[in-house]
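Residue-level structural notes
Chain by chain, the residues run as shown.
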Amino acid sequence: MLVDIKNLTKYYGKKKAVDVASLEIGRGEIVGVLGRNGAGKTTLMRVLTGFLSPSSGKVTVGGCDIVKNSPAAKALIGYLPENPPLYLNMSVYDYLLFAAQLKDVPNLRLRAEVARVLDVCDIKDVKSELIYTLSKGYRQRVGIAQAIINDPKLIILDEPTSGLDPLQIFKVRALIRNLGSERTVILSTHILSEIDQTVQRVIILKEGKIVLDCPSGRAENNASLNTLEETFLNLHKEDMA
Amino acid sequence: MRKIFAIAVKELKTYFMSPSAYIILIICVAIFNFFFFVIIDENREATLRDVFLAMHFIFMTVIPIITMKVFSEEKASGTLEFLLTTPTTPSTIVLGKYLGSGIFLSIIIAVSSVYLFILEVFGSPDILSSLCGYLGVLLQGCAAVAIGVFISSLTKSQAISGILTYVVLFFIYFAEILKKYVPEYLSVILTQLSSSNRAEGFNTGVISLSDLVYYLSIIIFSLVLSRLSLERRN
């Protein structure tokens, strides 16, 4: 078991943003977290990565508590927030080198590791460019490159294809599937087709709670409905009134 | 330690990748030159004592510009999320950021060391006393940078960060002036808080333990508050 969540809640003031009683994610799974805007996807991702601390409950990654043993847990995680966290005035290479230093890559392996992620994400051709000159698709791939530095066991991607054109979406999805062959990947999205084409397991969040958790193929047949879209709409039918 | 240096180097590169670093350097050197020549011409003494006083005052206006983006920019652009989700502790991030800004300040101070050579060529200055004055300028600058870094960690607005740092630095510098308007017990606190008197000692070549403790306390206190501010962002 790589990720283990027990009785997790996260409040913003009095508003409960996340309320997950139990969630376990195994090694090598590609999990899609679906939900409407404000369903708690980003908050759940931020708690999982240690950026936000839980109001109550326990989150462990690879057996390390994300609050009590934060650096050890974070060393196992690669994270791409919804807006790629890029220093726009840095070159792609310098940015990835900086990320590698912060992610405990040994000095002797720094350049080789940066070369590896440039290769995996297919961004070698822009390594000397300043980030602000890149297109959104390239920026997204630079963001994914920093997330996979030092080969983390768990990769968390928050809406990785948001705002990309169809070709860029195709490339990023192929990259995610490739990453998921060796690691655990959790990605959040509100694009239903993303789930069909990328993930093995679907979790649907509604008002911070998990309302569906099943393999992606079964979500499509859930409650005798034909498509994931219909399952999703059925779970939110009261919001449509 | 490696991560602290990595963050400090990145911070310095960020300063020098924008024109603002060069503008700050040029303006500081121009103002220092002006005061140096006017003061030397007026006093006809081979001492930098009054130049140091001017430097203390100028740094109060320059340091908020140096520190206002330290954390505010990271918060506004979302890169703080990147820093805090790497296996890097908030203390390391604060120390790295502080070191980067401190080195930038030291570069400005180092440029002014040319005055010491000019005095040495044309007069016989008390070198030890001048070095002591530089130590005072450096300590006062480092304390102000620490305050600026802390204030920057409180907001994502660079403007608010800069203005608040101005207000706090001016209050600390002129705190003693206010003491006649407040009750006795507060006037003691204001006297101890004021930084203008502390600088005086260093400028005349006197290093007192209480002044060292004063500056180091401000630096440590501000950096600890910065760390807490990062940890309690949620």
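Residues numbered from 1 in each chain as written. Chains lettered and ligands numbered in written order. Predicted model: local features only at pLDDT ≥ 70, side-chain atom pairs only at ≥ 80, totals over all residues. Heavy atoms only, no water.

**Considerations on the overall build of chain B**
Here is the rule: Segments assigned H or I by DSSP are reported as helices when at least four residues long, segments assigned E as strands when at least two residues long, and all are numbered from the N terminus. A 1.4 Å probe rolled over the protein chains alone gives each residue an accessible area, and that area as a share of the maximum for its type sets the label: buried under 20%, exposed over 50%, partly exposed in between. Note on areas: Shrake-Rupley, 1.4 Å probe, and residue coverage restricted to the protein chains presented here. None of His or the chain ends enter the tally, which takes Lys and Arg as positive and Asp and Glu as negative. Where a charge lies is defined by one atom per residue type, namely NZ (Lys), CZ (Arg), CG (Asp) and CD (Glu).
When you go through chain B residue by residue, the secondary structure sums to 12 helices and 0 strands. Considering chain B as a whole, with its 234 residues, one finds that 50% of them fall into the buried category. Surface exposure of chain B reaches about 10,700 Å², of which carbon and sulfur atoms provide 72%. Averaging the coordinates of the 16 positive side-chain charges in chain B and doing the same for the 15 negative ones gives two points 14 Å apart.

**Thoughts on the overall build of chain A**
Selection criterion: Each radius of gyration is computed over the set of C-alpha atoms, and the globule rule expresses the reference value as 2.2 Å times the number of residues to the power 0.38. In this analysis, two residues are considered to be in contact whenever any of their non-hydrogen atoms come within 4.5 Å of each other.
Of regular secondary structure, chain A possesses 9 helices and 10 strands. Its C-alpha atoms give chain A a radius of gyration of 18 Å, near enough to 18 Å, the size a compact globule of 241 residues would have. Split into buried and exposed, the 241 residues of chain A put 54% on the buried side. For chain A, long-range pairs separated by at least 24 residues make up 67% of all intrachain contacts whose partners lie at least 6 apart in sequence. When the accessible surface of chain A is totalled, it reaches about 10,400 Å², and 50% of it is carbon and sulfur.

**Description of the interface of chain B and chain A**
Note the following rule: Two parts placed together each lose some accessible area under a 1.4 Å probe, and adding up what both lose gives the buried area. By definition here, a salt bridge exists when the distance from a side-chain nitrogen of Lys or Arg to a carboxyl oxygen of Asp or Glu is within 4 Å. Under the rule applied, a polar contact is a pair of N or O atoms within 3.5 Å (in protein, one hydrogen donor and one hydrogen acceptor; residues adjacent in sequence only if both atoms are side-chain atoms). Under this grouping Gly is polar, as are all residues other than the nonpolar Ala, Val, Leu, Ile, Met, Phe, Trp, Tyr, Cys and Pro and the charged Asp, Glu, Lys and Arg.
Facing the 22 residues of chain B at the interface are 31 residues of chain A. For the chain B and chain A pair, buried surface summed over both sides reaches about 2,300 Å², with 62% attributable to carbon and sulfur atoms. The largest per-residue losses of area from chain B upon contact with chain A belong to R2(B), E81(B) and F82(B), which jointly make up 29% of the total buried on that side. The interface formed by chain B and chain A includes 2 salt bridges. In this structure, R46(A) and E81(B) form a salt bridge, with 3.0 Å as the shortest nitrogen-oxygen distance. One can count 10 residue pairs in polar contact (both at pLDDT 80 or more) joining chain B with chain A. Those elements that provide at least two residues to the side of chain B that touches chain A are α1 (2–17) and α5 (79–84) of chain B. In terms of residue count, α1(B) provides more of the side of chain B that touches chain A than any other element does, 7 residues in total. Residue classes in the side of chain B that touches chain A are distributed as 8 nonpolar, 7 polar and 7 charged.

**With respect to the confidence of the model for chain B**
This is how the line gets drawn: The predictor attaches a confidence to each residue, called pLDDT, with possible values from 0 through 100.
In this model, chain B carries an average pLDDT of 87, and 99% of its residues clear a pLDDT of 70 or more. Here the predicted complex carries an ipTM of 0.83, next to a pTM of 0.86.

**What about the sheet that holds strand β2 (residues 15–25) of chain A?**
Residue and element names in this part refer to chain A. The test is simple: By definition, two strands form a pair when at least two bridges between them are found by DSSP. Note on definitions: angles span 0 to 180 degrees between N-to-C directions of axes, and those axes are lines fitted to C-alpha atoms, for helices only across the stretch in contact.
An order of β2-β1-β4-β5 is seen for the 4 strands of this open sheet, with the pairing classed as antiparallel. Every interior strand has two partners, whereas the edge strands, β2 and β5 (64–65), have only one. Pairing analysis gives 9 bridges linking strand β1 (residues 3–12) to β2, with the strands arranged antiparallel. Bridging from a neighbouring strand, K6 pairs with S22 of β2. Relative to the sheet, helix α1 (residues 41–48) contacts β1, β2 and β4 (56–61), its axis offset from that of β1 by approximately 120°.

**Considering the pattern of salt bridges**
Residue and element names in this part refer to chain B. Summed over the entire model, instances satisfying the criterion amount to 19 salt bridges over all chains. Between E11 and K10 there is a salt bridge; the shortest N-O distance is 3.7 Å. Both residues of the pair, E11 and K10, count as buried. Among the salt bridges present, the one from E74 reaches K10, with a minimum N-O distance of 3.3 Å. One end of the pair, E74, is in helix α4 (residues 72–77); the other, K10, is in helix α1, and 64 residues separate them in sequence.

**Some details on the confidence of the model for chain A**
Averaged over chain A, the pLDDT score is 84; the fraction of residues at 70 or greater is 93%. Here helix α8 (residues 216–221) of chain A stands out as the element of chain A with the lowest mean pLDDT, 59, in contrast to helix α3 (residues 92–102) of chain A, whose mean of 95 is the highest.

**Here's the deal with the environment of I103(B)**
Note on placement: I103(B) falls in helix α6 (residues 90–111). Sequence-wise, I103(B) and V9(B) are 94 residues apart; in three dimensions their C-alpha atoms are separated by 9.5 Å.

**A short note on the sheet that holds strand β9 (residues 201–206) of chain A**
Residue and element names in this part refer to chain A. Ordered in space as β6-β7-β8-β3-β9-β10, the 6 strands form an open sheet in which the pairing is mixed. The two strands at the open ends of the sheet, each matched to only one other strand, are β6 (77–80) and β10 (209–215). On average, each strand axis in the sheet is tilted by 15° relative to the strand beside it, whichever way the strands run. Contacts between α1 and the sheet are confined to β3 (30–35), β6, β7 (154–158), β8 (184–189) and β9, with β8 contributing the most and set at about 150° to the helix.

**Section: the packing of helix α2 (residues 19–43) of chain B against α6(B)**
All names here are of chain B. What counts is decided by this rule: Handedness of a helix crossing follows the sense of rotation of the near helix relative to the far helix, less than a right angle counterclockwise being left-handed and clockwise being right-handed.
Between α2 and α6, whose axes approach to 10 Å, the crossing angle comes to 35°. Judged by the twist between their axes, the crossing of α2 over α6 is right-handed. Contact residues: A21, I24, L25, C28, V29 and F32 in α2; F104, I107, I108 and V111 in α6. The class makeup of the residues in the contact of α2 with α6 is 10 nonpolar, no polar and no charged.

**Looking at the side chain of Q146(A)**
The residue Q146(A) is located in helix α5 (residues 136–147) in this model. Here Q146(A) falls in the buried class, since its relative accessible area comes to 1%. Separated by 2.8 Å, the side chain of Q146(A) and the backbone oxygen of Y79(A) make a polar contact. Among all residues touching Q146(A), those that are not within four sequence positions of it are Y79(A), L80(A), P85(A), Y95(A), L96(A), A99(A), K103(A) and F82(B).

**A few points about the side chain of K103(A)**
Tracing the sequence through the fold places K103(A) in the loop between α3 and α4 (110–120). Polar contacts involving the side chain of K103(A) include one to the main-chain carbonyl oxygen of Q146(A), which spans 2.6 Å.

**A word on the environment of N107(A)**
Along the polypeptide, N107(A) turns up in the loop between α3 and α4. Remark: the alpha-carbon pair of N107(A) and I30(A), spanning 77 residues in sequence, is separated by 31 Å. For N107(A), the side chain forms a polar contact with the side chain of R2(B), separated by 2.6 Å.

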